[in-house]
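# A closer look at the structure
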Amino acid sequence: MDQHDHSGSKNDPGRRGFLKCMGGWAGAGALYSVSGGVLSSVALDAASAAPAKASSFTFLQVSDSHVGFNKPANPDAAATYKEAVSKIMMLPKKPDFILHTGDITQLSKDQEFDDAEQIIKAAGVAVFHVPGEHDMLDEGQGKAYLDRFGKGTKGAGWYSFDHKGVHFVALINVANLKPGGMGSLGSDQLEWLERDLAHRPASQPIVVFAHIPLWTVYADWGWGTDDAAQALGYLKRFGSVTVLNGHIHQITRKVEGNIAFHTARSTAFPQPVGGQGPSPGPMKVPTEQLHSMLGITTASVVRGQHDIALVDDTLA
Amino acid sequence: MSHSFKARVLALALAGGLAAPVPFVALAARAAPAQAAATVTVRIDNFVFGPAAITVAPGTTVTWVNQDDIPHNIVADDKQTFRSKVLDTDESYSFTFTKPGEYGYFCGLHPHMTGKVIVKAG
């Protein structure tokens, strides 16, 4: 188990500044309800709601389940996704919900989406999705995803919600990609994000989740988002920002000012460290090692502490 | 897999590919011209189009074959001239270039993957 909570990482000098900058975080009150994993009513206007103290809770991040993948790196990605869900069900504390950071399926096939939904349903909690590039491969270039998960979302599927004082923002950076580029948010989404954040108190903790990393992990392999800087500009005034991504099938972390970046393991197959393999494709490892390279991430929000602790568990 | 081994696999695949007809040639904007139409193959291997730039005569059909374990597709830079459906492992897509010009393209899933087809007579 890799533990890297924001409060005491020795090899991460940036954390101290991160903590120092954060004030109290009585969050804005909000109402939301979830039906079948779909957000059915959005947050109240933060300004009009009575402030509610954030309370302790946990949520889960799963990523890159690639249901339908059956190549040598993992002949049965659905099976390892099931194992990840079993792991979630055995956690000592039931998470309030799960964030899936994309590449739900391998090829955006209806059967793959169906199977993925059936598998995660067993966890018994709401699931919030964002698409990866593998979920945009239907004829409608993302329509199949939106038909399933896009209810109440905007544009290519972006949305936000509040939970127990924490503001969650789902961003889409796999739509309308440009030749030679990396991930892209696009001007419509950036304008929406600016408005979504504008009236929130800087003390409210923010969690942003998207598929492709919102900082450049390795440009030669497209592991970054071209216009992420603008999004991060809107986020930097907040005292606690946690950015959760997938796509690269391995854990990476970075702290920049008050923004903590994290990428999660896949539940399907590992990929090489940027530049250290022939390509960013699936990495075949000995079968007995596979489970130690797949995993889930638990995020703990603790009342009275200013950070969100992230703990990565493997499926081993 | 070592590079030399991979190169040999590639060479074998190339030989096989030339002998066998391309399984689904479709979506060509118009019928092949009357003269003997040339075919050129671009292979996708390790997230790279190879060769990345090709020069062909008008009327040439270019076929892209995906040899990765990850799907790719072929999208013209203008996103209109041609756009393949997603190509899973070993699937291919063909497009016949009739008009001279430079046609940049990329992979719509992994846009850092780019290539170019230069069409000119003669």
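Criteria and cut-off values
Residues numbered from 1 in each chain as written. Chains lettered and ligands numbered in written order. Predicted model: local features only at pLDDT ≥ 70, side-chain atom pairs only at ≥ 80, totals over all residues. Pairing = 2+ DSSP bridges. Helix = DSSP H or I, 4+ residues; strand = E, 2+ residues; numbered from the N terminus. Buried ≥ 20, exposed ≤ 12 C-beta atoms within 10 Å, placed from the backbone. Right-handed = clockwise from strand over helix to strand, strands pointing away. pLDDT = per-residue confidence, 0-100. Contact = placed C-beta atoms within 7 Å. Axes fitted to C-alpha atoms, helices over the stretch in contact; angles between N-to-C directions.

### Notes on the pairing of strand β16 (residues 308–314) of chain A
Residues and elements named next belong to chain A. Here strand β15 (residues 295–301) pairs with β16 via 7 bridges, running antiparallel. In the sheet register, Ser300 faces β16, and the bridge partner there is Ala309. Adjacent in sequence and paired antiparallel, β15 and β16 are bridged by 6 residues, among which Gly304 carries a positive phi angle near 95°.

### Focus on the pairing of strand β11 (residues 206–209) of chain A
Residues and elements named next belong to chain A. Residue alternation in β11 divides its side chains into two sets, Ile206 and Val208 and Val207 and Phe209, and both sets are buried. Pairing geometry for strand β10 (residues 166–170) and β11, over 4 bridges, is parallel. In the strand pairing of β11, Phe168 is matched with Val207. This β-α-β element, β10 to helix α5 (residues 187–198) to β11, shows right-handed connectivity. As paired elements, β11 and strand β12 (residues 241–245) share 4 bridges and run parallel to each other. Across the sheet, Val208 pairs through a bridge with Val243, a residue of β12. Crossover connection from β11 via helix α6 (residues 228–235) to parallel β12: handedness right-handed.

### Let's talk about the confidence of the model for chain A
When the pLDDT values of chain A are averaged, the result is 86; 83% of them are 70 or greater. Considering only residues more than four positions removed or in separate chains, one finds that residues 1–52 of chain A, a stretch of pLDDT under 50, has 104 contacts.

### Looking at the sheet that holds strand β13 (residues 252–256) of chain A
All names here are of chain A. The mixed open sheet is built from 6 strands, whose spatial order is β9-β10-β11-β12-β14-β13. Looking at the sheet topology across the chains shown, the edges are occupied by β9 (159–163) and β13. Across the sheet, the mean angle separating the axes of adjacent strands is 15° when strand polarity is ignored. The sheet contact formed by β12 and strand β14 (residues 259–263) spans 5 bridges and is parallel. Looking at the pairing, Thr242 lines up with Ala260 of β14.

### Some details on the environment of Ser266(A)
All names here are of chain A. Note on placement: Ser266 falls in the loop between β14 and α7 (287–290). For the pair Ser266 and Gly102, spaced 164 residues apart in the sequence, the C-alpha separation amounts to 9.8 Å. Excluding anything up to four places from it in sequence, Ser266 contacts Ser63, Asp64, His66, His249 and Leu294.

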